[in-house]
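As a plain string of letters, each chain reads:
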Amino acid sequence: MPSTNTVLALADLGQSVWLDTLSRGLLEGGELARLIALGVTGVTSNPTIFEKAIAQGHDYDADIAALVEEGKGVQEIYDALTLEDVRRAADLLRPVYDRSDGRDGYASLEVSPLLAYDTAGTIQEARRLFYSLGRPNVMIKVPATAAGIPAIRDLIADGINVNVTLIFSRHTYRAVMEAYLEGLERRRSQGQAIDRVASVASFFVSRVDTLVDRLLAERGASQDLAGRAAVANAKLAYRDFRAVFASPRFQALAAAGAMIQRPLWASTGTKNPAYSDLLYVDNLIGPDTINTLPLPTLEALLDHGHPARTLDADLDEAARTLDRLEAAGIDLEAVAAQLLDEGVDQFAASYHALIRALGLQRSRVAHRLQADRYNLGSYEPAFRETLRRFAEEEVVSRLYRKDPALWSADPAVQAQVAGALGWLDVPAWSRQHLPAIRALARDLQREGYTDVVLMGMGGSSLVSDVLAHSFPDGALRLTVLDSTDPGWIRALAARLDPARTLFIVASKSGTTTEALAFYRYFWQRVRDAGLDPGPHFVAITDPGTPLEAEAGRQNFRRVFLNPVDIGGRYSALSLFGVVPGTLMGVDMEGLLGRAEEMRERCRLPDPATNPGVLLGVAMGVLARAGRDKVTLAFPSRMGIMADWIEQLLAESTGKNGTGFVPVAHEPLADPADYGDDRLFVTYRWLGHPDPDLESHLAALEALGHPVIRLTIADRYGLGAEFYRWEVATALGGRILGINAFDQPNVQESKDNTARMLAALAEEGQLPVPHPHASDALMTATVGYPPVPSGTRLTVTDALAHLLRLVQPGDYVALMAYLAPTAEHWSALEQLREVILRRWRVATTVGFGPRFLHSTGQLHKGGSDHGVFLQLVTPPAPEAPAVPGQPYDFASLITAQGLGDFEALTHHHRRVLRLTLTGDPTVGLAELARTVAALPLS
Ligand SMILES: O=P(O)(O)OC[C@H]1O[C@](O)(CO)[C@@H](O)[C@@H]1O
Ligand SMILES: O=C[C@H](O)[C@H](O)COP(=O)(O)O
């Protein structure tokens, strides 16, 4: 009796029809069950299929929300959703599997495409998926890459069902069949059963025609070859299959129960609308095969398919077609290699897009579950009143119209501000540059690069620090160089292999002394290693800077030009963040996507629902009420972000005798030890509660301190946070009445440094002032207030002279011109803790010269509440020279310390300079002891 539909007719001809799609809708709407009833006997999925199903609809929303509430991460959500769909499909297919005695009835799930070049990773992941699915009728898809083939062999030997995917070439197909046979043989030799190990080989079809047709057109070859390569290639592959599985070698395995590895025609949806919609169905029908069809192709088959055995017909014609293609200059192996690379890339792109979409959804749910909370206590009325005023003055729409009058009525200031608001729109601009930067990243990986070193200061480097710390799993290691400490530079140079390192010189102005010194030093190192330095250097700068010109002269590998209307500290989401992030392998598209979402929220005209406005107004109102110490009490995962925020707040607002004083990384003290000059800001990181921090903040709240709790869902949320803080800083600055886009007091220290270095060049030594006191571990030089000349002091006296001036509302800043090591940091932290506990004032710590491009502006330009302790070492002997300059790094860092000391003294800021003459860590420990014993007046 003839079959009742074409799917069953194909089954009569020995071909199974599978469905090449899967989604929750198909499962829940009963469509898959209906198709199985019609004769469909399997299901295949891939990352693109899941991306369409999950990211482009709402069928999964409820599940996603539930998983977020359980605290699941993005990867876990992806896993849960895809495993669930495949599990359910397998269950629907189970009767087919049982009926066919394990020959048919499978659902396939692909391993992450990110593992396509990693054999061990693929094996581990395939095992995990197979055992989590816990059903015999599932197959794990493994790509036929060079790394995938040995994994296929090992997985078969393990007894795991494998669907080999992304096969385009007959050569590769033979290696796939070989891997299957070897796997079975190994399993059998280990005495294990082989009759239930199933495998199919997914031979891709339509994509071959797509590429070959394009190549034919490019070569102007005869068009009668168009649309014929794929079927011919598949037919000859089928002939190879027949030969291998008829061989005595396989027959021996078959005698032990082995199943053949059926070819599965994949990619059978017609892509060229000029061709028949059943081109890759009607022509590929034959026994022992499978054709997996997307829904429209399956419908076409049911509607007008021609069930007839075609696969082994006209083989000579197929061979002739391939010969003619060769004669036309089409190398099918090269085509296959390209398609394999592109196939992996496309699946990886879909996978990333899905992960990104899930991340976004997760962060939305997270914000619903855990909204930002502003507990401003008695400041609430002033806060609400200012929000109301912001609404009345239409601040948000003026911000996005880039109205400089928000910050100043002075036309000259307005002109400068108008040229500094490009950051408001930069995420979308940056996104366009991603493909080119990704191409560079791929080249670097192919060329064997292992390291990227970003050389720059302040806003040009801090974003890289955030990325390097938050994404330590990048393909390349990113290191930030922003210290002129000679030992630090030498240690970095010793660690790097110049042949495998890319150096990024990042400087908006293209004139920053430190960045240029690093560049000259490492250029010379690369040259000394016998290499041509140009290909190892990249610049990020503004158009027209001296750095752009230098990079051109020296043939840098690339120069990335950033928009001129973005200042350093507002540049995180521009090329200054996007280039290093992409090169190290961060999904910057994900990060920018979150930034764009935050941008949308920051455009909301109602200030009371606008996350940027809320934060800016809270900081502004509280600072004006005397609570200007913005204490960033962050959980450890956000710690590094505090450094970036510190720079943004301090350099943007610390001027005209006012400003926010960011307090980052301060150890937690007894709640009673905090003055009434604080505003606390914290983050709650979804799925990672920090009960100690939370109870500390609750205690502070109980004492009447204002606390802001912001929420972040995952590390891609950092993109949103960069944007939120930029808006908040700009608008908070408006409340303080300052221009948040200049840094008038930074120049002074720079000028002083230049003068010191000129003196060194002329007189052979730096004009180091004579110390007022010294002991075995350090010397002390009083800056301001001065001591009467001739006064005899001890180091303890000098410290007492400074610290007895500390008043409530002050902050003590430790400014250490030392290598930024963990050891120095912890010694400084101890000193800081003593000061915080005993004087009950806010404390800050910065390494020089980095902080000069951060809190340095606030120190000199902000309110006179700073008390400064400068910590330096004597210039190190035999420091590395700065090529092309008459000084070395030791003189540079010394001159920088002196220059700032002079600037602070000149501004009558309370300041003392201590030179640690021995081991700095020992000196700092002693200092902490001395400070702990000083009397409190
Ligand atoms: O990117 P540039 O021009 O090298 O500047 C680096 C840093 O120096 C400053 O201009 C001054 O400290 C910062 O604003 C800036 O982030
Ligand atoms: O297993 C199925 C394949 O992943 C699928 O057929 C690919 O088809 P496409 O080329 O239409 O993406």
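Remember, it's a predicted structure, so these values are computed and weren't measured experimentally. (Residues numbered from 1 in each chain as written. Chains lettered and ligands numbered in written order. Predicted model: local features only at pLDDT ≥ 70, side-chain atom pairs only at ≥ 80, totals over all residues. Heavy atoms only, no water.)

## Side note on the site of ligand 1
Alright, step 1. Residues in close proximity to ligand 1 total 14 residues, the closest being S460, S507, S509, T512 and E651.
Alright, step 2. Here K508 contributes a backbone N or O atom positioned 2.7 Å from an oxygen atom of ligand 1.
Alright, step 3. The separation between an oxygen atom of ligand 1 and a polar side-chain atom of S509 is 2.6 Å.
Alright, step 4. Classifying every residue of the shell around ligand 1 gives two nonpolar, nine polar and three charged. (Near = heavy atom within 4 Å. Polar contact = N/O pair within 3.5 Å; in protein donor to acceptor, adjacent residues only side chain to side chain. Nonpolar A, V, L, I, M, F, W, Y, C, P; charged D, E, K, R; others polar.)

## Here we look at the sheet that holds strand β17 (residues 678-685)
Alright, step 1. Reading across the sheet, the five strands line up as β9-β18-β17-β15-β16 and stay open at both edges, with mixed pairing between neighbours. Whereas interior strands pair on both sides, the edge strands pair on one side only; in this sheet they are β9 (373-375) and β16 (661-664). If you compare each strand with its neighbour and ignore which way they point, the axes differ by 20 degrees on average.
Alright, step 2. By the bridge criterion, four bridges tie strand β15 (residues 629-632) to β16 in an arrangement that is parallel. Each bridged residue has a counterpart across the sheet, and for L632 the counterpart in β16 is A664.
Alright, step 3. On the sheet, helix α28 (residues 639-653) packs against β15 and β16 and is oriented at approximately 170 degrees with respect to β16.
Alright, step 4. Across the face of the sheet, helix α30 (residues 718-736) comes into contact with β15, β17 and β18 (707-712) while running at roughly 140 degrees to β18. (Pairing = 2+ DSSP bridges. Helix = DSSP H or I, 4+ residues; strand = E, 2+ residues; numbered from the N terminus. Axes fitted to C-alpha atoms, helices over the stretch in contact; angles between N-to-C directions. Contact = heavy atoms within 4.5 Å.)

## Brief notes about the UniProt feature "active site" (unreviewed entry) in the chain
Alright, step 1. With numbering matched to this structure, UniProt assigns "active site" (unreviewed entry) to K141.
Alright, step 2. For K141, a relative accessible area of 5% gives the class buried.
Alright, step 3. If we skip the residues at most four places from it in the chain, K141 touches T44, S45, N46, S108, L109, E110, V111, N163 and T165.
Alright, step 4. Here S45 takes part through its backbone oxygen, which lies 3.0 Å from a polar atom of the side chain of K141. (UniProt positions renumbered as here; feature names shortened; annotations may be inferred. Buried < 20%, exposed > 50% of the residue type's maximum accessible area, 1.4 Å probe, protein only.)

## Describing α28
Alright, step 1. With 15 residues, α28 extends 21 Å between its outermost C-alpha atoms, agreeing within 8% with the 21 Å of an ideal straight helix rising 1.5 Å per residue.
Alright, step 2. Of all 15 residues making up α28, 15 are buried, and the element is well covered by its neighbours. (Expected span 1.5 Å × (residues − 1).)

## With respect to the UniProt feature "coiled-coil region" (unreviewed entry) in the chain
Alright, step 1. As recorded in UniProt, the sites labelled "coiled-coil region" (unreviewed entry) are residues 308-342.
Alright, step 2. In residues 308-342, the share of helix is 69% and the share of strand is 0%. The end C-alpha atoms are 33 Å apart.

## Observations concerning the sheet that holds strand β14 (residues 558-561)
Pairing between the strands of a sheet is mediated by backbone hydrogen bonds and can be parallel or antiparallel.
Alright, step 1. The sheet built from five strands is open, its strands ordered β11-β10-β12-β13-β14 with parallel pairing. Each end of this open sheet is capped by a strand with a single partner; those strands are β11 (477-481) and β14. With direction set aside, neighbouring strand axes in the sheet form an average angle of 20 degrees.
Alright, step 2. Relative to β14, strand β13 (residues 537-541) is paired through four bridges, and the arrangement is parallel.

## Re the packing of aromatic side chains
Alright, step 1. Considering all chains together, one arrives at 34 aromatic pairs under this definition.
Alright, step 2. Seen from their ring centres, Y521 and F889 are 5.8 Å apart, and the 90 degrees between their planes marks the pair as edge-to-face. Of the two residues, Y521 sits in helix α23 (residues 513-528) while F889 sits in helix α35 (residues 889-906), which places them 368 residues apart along the sequence. Taken as a pair, Y521 and F889 share a single burial class, namely buried.
Alright, step 3. Measuring from centroid to centroid gives 4.7 Å for W644 and F722, while their planes differ by 70 degrees, and the two rings are edge-to-face. Here the residue W644 occupies a position in helix α28, and F722 occupies one in helix α30, the gap between them amounting to 78 residues.
Alright, step 4. Among the aromatic residues, those joined into a cluster by ring pairs are F503, F518, Y519, Y521, F522, W523, F537, F556 and F889. (Phe/Tyr/Trp six-rings, centres within 6.5 Å; stacked < 30°, edge-to-face > 60°.)

## Observations regarding the pairing of strand β10 (residues 451-455)
Alright, step 1. Within β10, five of the five residues are buried, which leaves the element mostly enclosed by the surrounding structure.
Alright, step 2. Residues of β10 alternate between two faces, with D451, V453 and M455 on one and V452 and L454 on the opposite face, all of them buried.
Alright, step 3. Handedness of the β-α-β unit built from β10, helix α21 (residues 462-470) and β11 comes out right-handed.
Alright, step 4. By the bridge criterion, five bridges tie β10 to strand β12 (residues 501-506) in an arrangement that is parallel. Looking at the pairing, V452 lines up with L502 of β12. (Right-handed = clockwise from strand over helix to strand, strands pointing away.)

## A word on the nonpolar core
What tends to happen in soluble globular proteins is that the nonpolar side chains get buried as a cluster.
Alright, step 1. The biggest cluster of nonpolar side chains holds 130 residues, and the ones touching the most others in it are I54, Y173, V212, L298, L301 and L358.
Alright, step 2. Top contributing element to this core by residue count: helix α16 (residues 332-369), with 13 residues.
Alright, step 3. Those residues in contact with L301, other than ones at most four positions away along the chain, are T6, V7, L10, V17, L278, V281 and L293.
Alright, step 4. Formed by 100 residues, the second largest nonpolar core is a distinct cluster that contains L387, V621, V727 and I735. (Core = buried A, V, L, I, M, F, W, Y, C linked by side-chain atoms within 4.5 Å.)

## A closer look at the pattern of salt bridges
Where charged atoms from two side chains of opposite charge come close, those side chains can pair.
Alright, step 1. Using the criterion set out here, one finds 68 salt bridges in the structure.
Alright, step 2. Among the ionic pairs, R431 bridges to E596, the shortest N-O distance being 2.5 Å. Here R431 is found in helix α20 (residues 426-446), whereas its partner E596 is found in helix α26 (residues 588-602), with 165 residues between them in sequence.
Alright, step 3. For R431, a relative accessible area of 26% corresponds to the partly exposed category.
Alright, step 4. For the salt bridge of D473 with R715, the shortest nitrogen-to-oxygen distance reads 3.0 Å. Of the two residues, D473 sits in the loop between α21 and β11 while R715 sits in the loop between β18 and α30, which places them 242 residues apart along the sequence.
Alright, step 5. Each of the salt bridges in this network shares a partner with another, and the network as a whole consists of E28, E84, R87 and R88. (Salt bridge = Lys/Arg side-chain N within 4 Å of Asp/Glu carboxyl O.)

## A closer look at the site of ligand 2
Alright, step 1. Around ligand 2, the surrounding shell consists of D20, T44, N46, K141, F204, R207, A266, S267, K271 and F347.
Alright, step 2. Side-chain polar atom of N46 to an oxygen atom of ligand 2: 2.7 Å apart, as the coordinates give it.
Alright, step 3. At 2.6 Å from an oxygen atom of ligand 2 is found a side-chain nitrogen or oxygen belonging to R207.
Alright, step 4. Taken by itself ligand 2 offers 340 Å² of open surface, and the protein chains cover 86% of this.
Alright, step 5. For the shell around ligand 2, a count of residues per class yields three nonpolar, three polar and four charged. (Areas by Shrake-Rupley, 256 points an atom, 1.4 Å probe, with all protein chains shown as cover.)

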